[in-house]
Amino acid sequence: MSGPYLEITALKKSYGLKPVLRNVNLVIQRGERMALLGANGAGKTTLLRIVAGLTRPNAGTARIDGLDCVRDAQQVRSLVGFVAHQPYLYEELTAWENLLFFGRMYSVAHAEKRARKLLQQVGLARRMHERVATFSRGQVQRLSWARALVHTPPLLLLDEPETGLDTEGTQLIEALWTEHTAQGGTSLFTTHQQERALALSDCVVTLKDGKIAKV
Amino acid sequence: MTTTRIFINQTIAILWKDIRCELRSKQTWMGMGLFALLVLVIFNFAFDLRVDNKAAVAPGALWVSFVFASMLGLGRTIAAEREKGSLDRLLLCPVDRKAIYLAKLLGNLLFIGGVEIVALPVFAALFDVPLVVASLLPIVLFGTLGVAAIGTLCSAMAAATRARELLLPILVFPLIVPVVIAAVRLTGDLMAPSANEPPWLGLMIAFDVIFLSASMLTFEYVIEE
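These lines cover the structure that appears in this document, whether it is placed above or below. Quantities reported herein were computed from a predicted structural model and do not represent experimental measurements.

### Considering the packing of helix H3 (residues 54–84) of chain B against helix H6 (residues 133–159) of chain B
Residue and element names in this part refer to chain B.
Now for step 1: Put simply, H3 and H6 touch, their axes get as near as 8 Å, and they point 45 degrees apart. Put simply, H3 runs oblique to H6. Note on packing geometry: the crossing formed by H3 with H6 is right-handed. Each of Val67, Ser70, Leu74, Gly75, Thr77, Ile78, Ala79 and Arg82 in H3 lies in contact with H6, whose residues at this interface are Val147, Gly151, Thr152, Ser155, Ala156 and Ala159.

And the structure:
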């Protein structure tokens, strides 16, 4: 399908009386990486949650590849991979079990093969049968990346995706992300670091008080 | 893969995950089991059990212990996932919300059932009543299904609030009154058969069907933001 891959139009969201997003408009082309900069409380995470179909907007639309994130939520979920700054993995399960579980949730064909490859790519192959509860913060974040990519999503939504990563982890993840982009994948990510935003993205957007302040 | 096949696979995967997590953390089922046994012991000492009032007291004590112990497990069904944030991850997946409900319900049935299997012989010994397993089985099965069907839905409602431990029993107890009455009367009837009893088992099955259907249909709206 031609046209923008992700299109956000007149998006508004309030929690109670507090407006979080005020008339946000964004367009991301297929294969593009867009960085969302902004202070805490600017509305970055809420915007990502709406695009992922986790939160309903009060007004406006978010469309991925022509599909509405609210009306076509079930189809949209298959298109999205999400990495949050909190990993939210099942700590009682091993890395392998976590990936297989999410592979089954996304009905991934050959989930074992895919999980094994991803665990190697994020440098966790040797610890794949250990429980996530025993992992360091950086290792959990790497596994979180592997989980987000288990169903080979065309769109990655990344909320402060480098949280907790050391130099080695950052390099492994960048390689994984580069591969995703090279295969035509689109990314929308948030960060507080302007230099990282400029280095990793094709386009930087700044959110301030729920509005687009600068593109 | 057909939609039905995907639905079944996802339900089994969620159930497998919940069982594995629970068996490793041992957070809920141990507490449920101990609680059920303690309630039975307390009731045993609290009531003056003579042969003539045993049939009136024992079934009530048994079902109170089952229902109270169930609350502990039901409270953790969704709350544990919400507290850890993993519920959002599950909701991000293209999984039918009915599959999540069904998996959680089956998990609850399994854990409550496990507690009941342990508690029943203790109940029989403490209250000195014969354990007629074949007759008791459908009563326990349909009674537990009714409690779990409502409890699973209400646990999703309660988990979205801060006062979830307080809210869950307030939501569940009024709704399960019919099924508990039916279960107690049926259990009592096994100990001291009485004539002209209403068809309690049929009522319990009808209750289960209605609440199971209603819960499956409404779970999606309860679980999502």
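Let us keep going from here.
### Here's the deal with the interface of chain A and chain B
Now for step 1: Residue-level contacts link 19 residues of chain A with 21 residues of chain B.
Now for step 2: Secondary structure elements with two or more residues in the side of chain A that touches chain B: helix H2 (73–79) and helix H3 (95–105) of chain A.
Now for step 3: The element best represented in the side of chain A that touches chain B is H3(A), accounting for four residues.
Now for step 4: When the residues that make up the side of chain A that touches chain B are grouped by side-chain class, the tally is ten nonpolar, five polar and four charged.

### Section: the nonpolar core
Now for step 1: Core analysis: the biggest nonpolar cluster contains 130 residues, and A:Leu36, A:Val51, A:Leu99, A:Leu143, A:Ala146, A:Leu157 and A:Leu188 have the highest contact counts within it.
Now for step 2: Here this core takes 13 residues from H6(B), the largest share from any one element.
Now for step 3: In contact with A:Leu99, other than residues within four places in its own chain, are A:Ala115, A:Leu118, A:Leu119, A:Ala146, A:Arg147 and A:Val150.

### Section: the sheet that holds strand S10 (residues 211–214) of chain A
All names here are of chain A.
Now for step 1: Pairing in this open sheet of six strands is mixed, and the strands run S6-S7-S8-S3-S9-S10 from one edge to the other. Whereas interior strands pair on both sides, the edge strands pair on one side only; in this sheet they are strand S6 (80–83) and S10. Within this sheet the neighbouring strands show an average axis-to-axis angle of 25 degrees, counted without direction.
Now for step 2: Sheet topology places strand S7 (residues 155–159) next to strand S8 (residues 186–191); five bridges connect them, and they run parallel. For Leu157, the partnering residue across the bridge sits in S8 and is Leu188.

### Quick notes on unusual backbone geometry
Now for step 1: A positive phi is found at A:Asp209, a non-glycine position, where the angle reads about 50 degrees.
Now for step 2: If you trace the backbone, A:Asp209 turns up in the loop between strand S9 (203–208) and S10.
Now for step 3: Judged by C-beta crowding, with 14 C-beta atoms within 10 Å, A:Asp209 ranks as partly exposed.
Now for step 4: We note that B:Asp128 has phi near 50 degrees; this positive angle belongs to a residue other than glycine.
Now for step 5: With respect to the helices, strands and loops of the structure, B:Asp128 is situated in the loop between helix H5 (97–126) and H6.

### Concerning H3(B)
Now for step 1: Compared with an ideal rise of 1.5 Å per residue, which puts 31 residues at 45 Å, H3(B) spans 45 Å between its outermost C-alpha atoms and is within 8% of the ideal.
Now for step 2: The axis of H3(B) is deflected most strongly, by about 35 degrees, at B:Thr77.

### Focus on H3(A)
Now for step 1: Among the eleven residues that make up H3(A), ten are buried, leaving the element largely enclosed by the rest of the structure.
Now for step 2: Where H3(A) is concerned, the buried positions are A:Ala95, A:Glu97, A:Asn98, A:Leu99, A:Leu100, A:Phe101, A:Phe102, A:Gly103, A:Arg104 and A:Met105.
Now for step 3: Lining the buried residues of H3(A) we find helix H4 (111–121) and helix H5 (137–149) of chain A together with helix H1 (3–25) of chain B.
Now for step 4: Of the residues trailing H3(A), A:Ser107 is marked for its positive phi of about 50 degrees.

### Structural notes on the pairing of strand S1 (residues 6–15) of chain A
All names here are of chain A.
Now for step 1: Pairing of S1 with strand S2 (residues 18–28), which is carried by seven bridges, proceeds in the antiparallel orientation. Considered in S2, the bridge of Leu6 is made with Ile28.
Now for step 2: Here S1 runs beside strand S4 (residues 59–64); their pairing, made up of five bridges, is antiparallel. Paired with Glu7 across the two strands is Arg63, which belongs to S4.

### Structural notes on the environment of A:Ala199
Now for step 1: Note on placement: A:Ala199 falls in helix H7 (residues 194–200).
Now for step 2: It is 22 Å that separates the C-alpha atoms of A:Ala199 and A:Gly43, two residues lying 156 residues apart in sequence.

### Focus: the packing of helix H7 (residues 164–191) of chain B against helix H8 (residues 200–223) of chain B
Residue and element names in this part refer to chain B.
Now for step 1: Where H7 meets H8, the closest approach of the two axes is 9 Å, and the angle between their N-to-C directions is 150 degrees. The angle between the axes of H7 and H8 places the two elements in the roughly antiparallel class. As H7 runs across H8, the sense of the crossing is left-handed. Where H7 approaches H8, its residues Pro178, Val179, Ala182, Ala183, Arg185 and Leu186 are matched on the opposing element by Trp200, Leu201, Leu203, Met204 and Phe207.
Now for step 2: Residues of the contact of H7 with H8, tallied by class, amount to ten nonpolar, no polar and one charged.

The rules behind these values
Residues numbered from 1 in each chain as written. Chains lettered and ligands numbered in written order. Predicted model: local features only at pLDDT ≥ 70, side-chain atom pairs only at ≥ 80, totals over all residues. Axes fitted to C-alpha atoms, helices over the stretch in contact; angles between N-to-C directions. Helix = DSSP H or I, 4+ residues; strand = E, 2+ residues; numbered from the N terminus. Parallel < 35°, antiparallel > 145°, perpendicular 65-115°, else oblique. Left-handed = near helix turned anticlockwise from the far one by under 90°. Contact = placed C-beta atoms within 7 Å. Nonpolar A, V, L, I, M, F, W, Y, C, P; charged D, E, K, R; others polar. Core = buried A, V, L, I, M, F, W, Y, C linked by C-beta atoms within 7 Å. Buried ≥ 20, exposed ≤ 12 C-beta atoms within 10 Å, placed from the backbone. Pairing = 2+ DSSP bridges. Expected span 1.5 Å × (residues − 1). Bend = angle between axes of the 7 residues up to and from the residue.

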